[in-house]
Amino acid sequence: MWEQLLEDAPRFFGIWNLMFLGQALLNTLLLSYLGAAFGFAIGFSLAIGRHPRLYGIAPIHLLATAYVEVFRRIPFLVKLMCIFFAFQLSGAQVSLFTIALVTVVLSAAAFAAEIARAGIEAVPAPQWDAAEAMNFSRWKVLTQIVAPQSWRVVLPPLFGYAVGFIKSTSIASQIGVMELTYAAKILNTRGFSALLCFGTILIVYFLICWPTKRFGEHLEARLGRRPKI
Amino acid sequence: MNYNLIYSQVAGHIPYLLGGAILTLELAVISFMVGWAIGLTNASILHFGPRPARLAVRGYVTFFINTPLLVQIFFIFFVLPDAGILLSPYAAVAIGMSLNAGAYLTEIQRAGFQSLRREEIDAATAMGFSVPQIVWYVVLPHIAKALYPPLSNQFIIQVMTTSIAAIFAVEELTGRAYNVNSLTFRSLEVFSIVAIIYLVLTLACSLALALLGRWLFRVKARVF
């Protein structure tokens, strides 16, 4: 096993393979970070639309709750297949990358809505009453009372979920999106040893995920230390 | 383009799919239990173990939390045979999921043990409790109450993660969905039904775990 590894390694880390893996890495990064960014934006809007004292209107509130519950309770692979076939049957011509991106965005939105809800609920009730008594508009409550306090609660866990989505994008290899896991499978089929292919991408994934997670923990420690307003 | 959803062809396969749900639960329970044992051992090592052992546990947890489960199982399934260890797909998935769950459960249980305060034990000692009494009446109820919600949450995550087994041709819920799909070609119908089964399954598990927690430890867990 080890002799074969030493024999294969120079050939595996040749310029073409590295470019191939670099391209795949770029796709993984785009898929996870873009997906998480869009998803978090949608999730925040959902949380605001869901809250009865912000913009919550009964039908939107119900729909948003149903969406959040449903998308958090279905495995990523099943969501991916549903969206994949839905696009296929609708006849729309979209790339596999877009399908995977849509899946990441929709899942990220559901998780972010939950985190943002916790953030909004962290604002104590008397402040809501005070704002109402002082005739603040909903927009003013959101931007001047809720947002400045809740971002400290909301921001750190988002990085933990971002790591989750980086890891979930490996499942997108199932529909043939050219990301790290799929690239490793292709290289493995081309005859490179499984240890080299999967070992390498395990390390690459670790090098992406670990700093992201550490940054989240760093933020959590930093924001938690400051006195609450 | 127009496409009509036709569920009648898939409806006959629903019992077959539900059979897969049992395998899904089985895989989730096995990986959760093994992961729990790993987590309990590791959390004890982190509290009482020597430095090299603590570093090893830290390394294990950091590595498994920061890499995708799918690639971990690929590694177990395709690399270990080179070293002479041949595993069935089911075993490879079960081992991968257990190791992965073990890392998360180490973190959860470490935090749970840390939440126990010295003062509680001191107070119990001052009241004349014996050591077994302290463990039974003070330590265990506190830890059970602190750990129950994150542990049940991890179990739900475990149920959803089992879908990855389908990629290795294990015939659990998602794996059977692939089978029905290749029989009927009613892809969207099959996968939407499977999505609903997962939804009902995880909701039922959440509800059961919340009721159990309320009954056993008086934990007020929320399902929604």
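Bear in mind that the values here come from a model prediction, so they are computed numbers and not experimental data.

(A) Looking closely at the overall build of chain A. Assigned secondary structure in chain A consists of 9 helices and 0 strands. Counting only C-alpha atoms, chain A reaches 75 × 50 × 25 Å along its principal axes. Out of the 229 residues belonging to chain A, those deemed buried represent 48%. For chain A, the accessible surface area stands at approximately 11,100 Å², while carbon and sulfur atoms represent 68% of it.

(B) Looking closely at unusual backbone geometry. A positive phi is found at Ala169 of chain B, a non-glycine position, where the angle reads about 60°. Along the chain, Ala169 of chain B falls in the loop between helix H7 (131-161) and helix H8 (173-184).

(C) Fine view of the packing of aromatic side chains. As enumerated under the stated definition, the model contains 20 aromatic pairs over all chains in all. Taken together, a centroid distance of 5.0 Å and an interplanar angle of 10° make the contact between Phe198 of chain A and Phe74 of chain B stacked. Of the two residues, Phe198 of chain A is situated in helix H9 (residues 194-225) and Phe74 of chain B in helix H4 (residues 69-79); the pairing between them involves two chains. Relative accessible area serves as the criterion here: at 4%, Phe74 of chain B is assigned to the buried category. Here the aromatic rings of Phe32 of chain B and Trp36 of chain B are separated by 5.8 Å at their centres, their planes lie at 45°, and the arrangement is tilted. Of this pair, Phe32 of chain B and Trp36 of chain B both sit in helix H2 (residues 14-48), 4 residues apart, which is roughly one turn of that helix. According to the relative accessible area criterion, Phe32 of chain B is buried, its value standing at 8%. Taken together, the ring pairs connect Phe198 of chain A together with Phe74, Phe77, Phe78 and Phe168 of chain B into an aromatic cluster. Arg190 of chain A extends its terminal NZ or CZ atom over the ring of Phe20 of chain A, reaching a point 5.1 Å from the ring centre. A cation over an aromatic ring shows up here: Arg176 of chain B above the ring of Tyr16 of chain B, its NZ or CZ 4.5 Å from the ring centre.

What counts, and where the lines are drawn
Residues numbered from 1 in each chain as written. Chains lettered and ligands numbered in written order. Predicted model: local features only at pLDDT ≥ 70, side-chain atom pairs only at ≥ 80, totals over all residues. Heavy atoms only, no water. Helix = DSSP H or I, 4+ residues; strand = E, 2+ residues; numbered from the N terminus. Buried < 20%, exposed > 50% of the residue type's maximum accessible area, 1.4 Å probe, protein only. Areas by Shrake-Rupley, 256 points an atom, 1.4 Å probe, with all protein chains shown as cover. Phe/Tyr/Trp six-rings, centres within 6.5 Å; stacked < 30°, edge-to-face > 60°. Lys NZ or Arg CZ within 6 Å of the ring centre and 35° of its normal.

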